[in-house]
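A structural walkthrough
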Amino acid sequence: MKTMAPMITVTALPAFTDNYLWLLERDGHAAIVDPGDASVVSQALASRGLVLDAILITHHHPDHIGGLAALAAETGAVVYGPRAESAKIKGLTVLLDDGDQVSLRSLGVSLNVLAVPGHTLGHIAYFEPTQRLLFCGDTLFIGGCGRLFEGTPAQMQHSLARLADLPGDTAVYCAHEYTLSNYDFIATVEPDNASVAHEFTRLQALRAAGRATVPGTIAGERARNPFLRSSAPELAAAMTARTGQAMADSVEVFAALRRLKDGHVPRIR
Ligand SMILES: [Zn+2]
């Protein structure tokens, strides 16, 4: 007799160059976060014998929604996504706002919706509070954050602060494997930070072994991700040294970090 799985399983489905589509699965039922490519998801469903009940969208970029229409047509899955981007995302069936809950009964989980504008203005994240799983799209990356295509530094800083407030053991399922290039940047910002150097070595070994660096944890990001540490005096000093300008507040530190990262050419990937 098959026993009920006590928890949901989360699996990375790699797509394109460096995207991760996150497959949530329990007892034959599944949900997918940000299906940029339908074929990757269809193959996983078939090989695992899963029924897709839900599609969760974080924001409107093509590498996150490209497979939405085909998968919805193929499976009849309910499609959840941000109300604020519903004009840009065709096929949403449930429109979400900050504070909403998504109850996936077949998977036995409920996810809290957090508005996290910055990368895009309507970007949302999904947080599962029992197992403590965070699906944050292109907002928070391991060692970094998304580019500010639509929002301001202050908006993104606030969004990241909300994510940093989640429990420390929350698993951070971001949508890209950008970790080594992020750490390459951090190493230039804080060359004397032993914790960063130690973690960089560990992460490089993981990648060399062909393994994902995602998920990380909120505690790890709080400790080492400079975009969550823009209030730290050492980062203000580092940004002043790099830019030659005094930093009036943490928003200026954040903005300086983001600008420098935008122009950073990693020595490693
Ligand atoms: Zn994006």
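Here, the structure is the one placed above.
In this convention, every chain numbers its residues from 1, walking through the sequence in written order. Only residues with pLDDT of at least 70 are given local features in this predicted model, and only at 80 or more are side-chain atom pairs given and counted; all residues enter the totals for whole chains, interfaces and linings. Note: side-chain values were computed over all heavy atoms of the structure, leaving out hydrogens and water.

Notes on the overall build of the protein
Selection rule: Numbering of helices and strands runs from the N terminus, with a helix taken as a DSSP run of H or I at least four residues long and a strand as a DSSP run of E at least two residues long. Only C-alpha atoms enter the radius of gyration; for comparison, a globular chain is expected to reach 2.2 Å times N to the power 0.38, where N is the number of residues. A 1.4 Å probe rolled over the protein chains alone gives each residue an accessible area, and that area as a share of the maximum for its type sets the label: buried under 20%, exposed over 50%, partly exposed in between. Residues are treated as being in contact if the distance between any of their heavy atoms lies within 4.5 Å. The Shrake-Rupley method, run with a 1.4 Å probe sphere, supplies the accessible areas, and residue values consider only the shown protein chains as cover. In this charge count, Lys and Arg are treated as positive and Asp and Glu as negative; neither His nor the chain ends contribute. To locate a charge, the coordinates of NZ of Lys, CZ of Arg, CG of Asp or CD of Glu are taken.
When helices and strands are tallied, the protein shows nine helices and 14 strands. For the protein, whose C-alpha radius of gyration is 19 Å, the value lies close to the compact-globule estimate of 18 Å for 269 residues. Overall, the protein is about 60 × 40 × 30 Å in size when its C-alpha atoms are taken along their principal axes. The buried share of the protein, taken over its 269 residues, is 53%. Across the protein, every contact between residues at least 6 apart in sequence was considered, and the portion connecting residues at least 24 apart equals 60%. If you sum the accessible surface of the protein, you get close to 11,500 Å²; carbon and sulfur atoms cover 54% of it. Across the protein, the centroid of the 22 positively charged side chains sits 3 Å from that of the 27 negatively charged ones.

As for the coordination of the zinc ion
Selection rule: Coordination here is defined by N, O and S atoms within 2.8 Å of the metal (3.2 Å for Na, K and Ca), and since water is not considered, a site can look incomplete. Just to be clear on the cut-offs, tetrahedral is four donors with all angles between 85 and 135 degrees, square planar is four donors and octahedral six with opposite donors over 155 degrees apart and all others between 65 and 115, and anything else goes down as irregular.
Taken together, the protein ligands of the zinc ion are H59 (NE2), H61 (ND1), H119 (NE2) and D138 (OD), with distances of 2.1 to 2.3 Å. With four donor atoms in place around the zinc ion and angles of 90 to 168° between them, the coordination shape is irregular. Between consecutive donors of the zinc ion, the numbers of intervening residues give the motif H-x1-H-x57-H-x18-D. The buried category is assigned to H59, whose relative accessible area is 0%.

Thoughts on helix α9 (residues 250-262)
Stated precisely, the cut-off is as follows: Expected helix span is computed as 1.5 Å times (number of residues minus one). In the analysis that follows, any N or O atom pair within 3.5 Å is treated as a polar contact, provided that within protein one partner can donate a hydrogen and the other can accept it, and provided that, for residues neighboring in sequence, both atoms belong to side chains.
Between the first and last C-alpha of α9 there are 18 Å, a value that for 13 residues agrees with the 18 Å anticipated at 1.5 Å per step. Listed as buried for α9 are V253, F254, A255, A256, L257, R258 and K261. Of the surrounding elements, those touching the buried residues of α9 are β12 (144-145), α4 (153-164), α5 (179-189) and α8 (233-243). If you check the start of α9, you find a side-chain oxygen 3.2 Å away from the backbone N of V251, and it comes from D249.

What to know about the pairing of strand β9 (residues 124-128)
How we decide: By this definition, two strands are paired if DSSP reports at least two bridges between them.
Summarising burial for β9: five of the five residues are buried, a large majority. What you see with β9 is no split at all: I124, Y126 and E128 on one side and A125 and F127 on the other are buried throughout. Pairing geometry for strand β8 (residues 109-115) and β9, over four bridges, is antiparallel. Residue pairing for β9: V113 is matched across the bridge by Y126. Alignment of β9 against strand β10 (residues 133-137), held across three bridges, turns out to be antiparallel. From the neighbouring strand, E128 faces β10, where its bridge partner is L133. Taking the residues between adjacent antiparallel strands as the criterion, β9 and β10 are bridged by four residues, where R132 takes a positive phi near 60°.

Focus: the sheet that holds strand β6 (residues 94-96)
The condition is simple: Here the axes come from fitting lines to C-alpha atoms, over the contacting stretch only for helices, and the angles between their N-to-C directions go from 0 to 180 degrees.
Within the open sheet, the six strands sit side by side as β1-β2-β3-β4-β5-β6. Their pairing is mixed. At either margin of the open sheet sits one strand with a lone partner, and together these are β1 (9-15) and β6. Each strand of the sheet is rotated relative to its neighbour by a mean of 25°, with strand direction disregarded. Sheet topology places β1 next to strand β2 (residues 19-26); seven bridges connect them, and they run antiparallel. Directly across from P14, in β2, lies its bridge partner Y20. The strands touched by helix α3 (residues 68-75) within the sheet are β3 (29-33), β4 (51-56) and β5 (78-82), with β4 carrying the most contacts at an inclination of about 145°.

Comments concerning unusual backbone geometry
Glycine aside, a negative phi is what most residues show, and trans is what most peptide bonds show. Omega for the bond connecting V214 with P215 falls within 30 degrees of zero, at 5°, which places this linkage in the cis form. The phi dihedral of F16 falls on the positive side, at around 50°, and the residue is not glycine. Relative to the helices and strands, F16 is located in the loop between β1 and β2. For D27, which is not a glycine, the phi torsion comes out positive at approximately 55°. You can see D27 is positioned in the loop between β2 and β3. Owing to a relative accessible area of 33%, D27 belongs among the partly exposed residues under this scheme.

Digging into the sheet that holds β8
With respect to topology, six strands assemble into an open sheet ordered β7-β8-β9-β10-β13-β14, the strand pairing being mixed. Looking along the sheet, the strands with just one partner apiece sit at the ends: β7 (101-104) and β14 (216-217). Across the sheet, α4 lies against β8, β9 and β10, angled at about 150° from β8, the strand it touches most.

A closer look at the environment of D100
As for its position among the elements, D100 is in the loop between β6 and β7. With 146 residues separating them along the chain, D100 and A246 place their C-alpha atoms 41 Å apart. Excluding residues that lie within four positions of it along the chain, D100 makes contacts with L95, L111, N112 and V113.

Some details on the pairing of β5
Taking burial as the measure, the five residues of β5 include four buried ones, the bulk of the element. Sheet analysis places β5 next to β6, joined by three bridges and oriented parallel. The residue of β6 that forms the bridge with P82 is L96.

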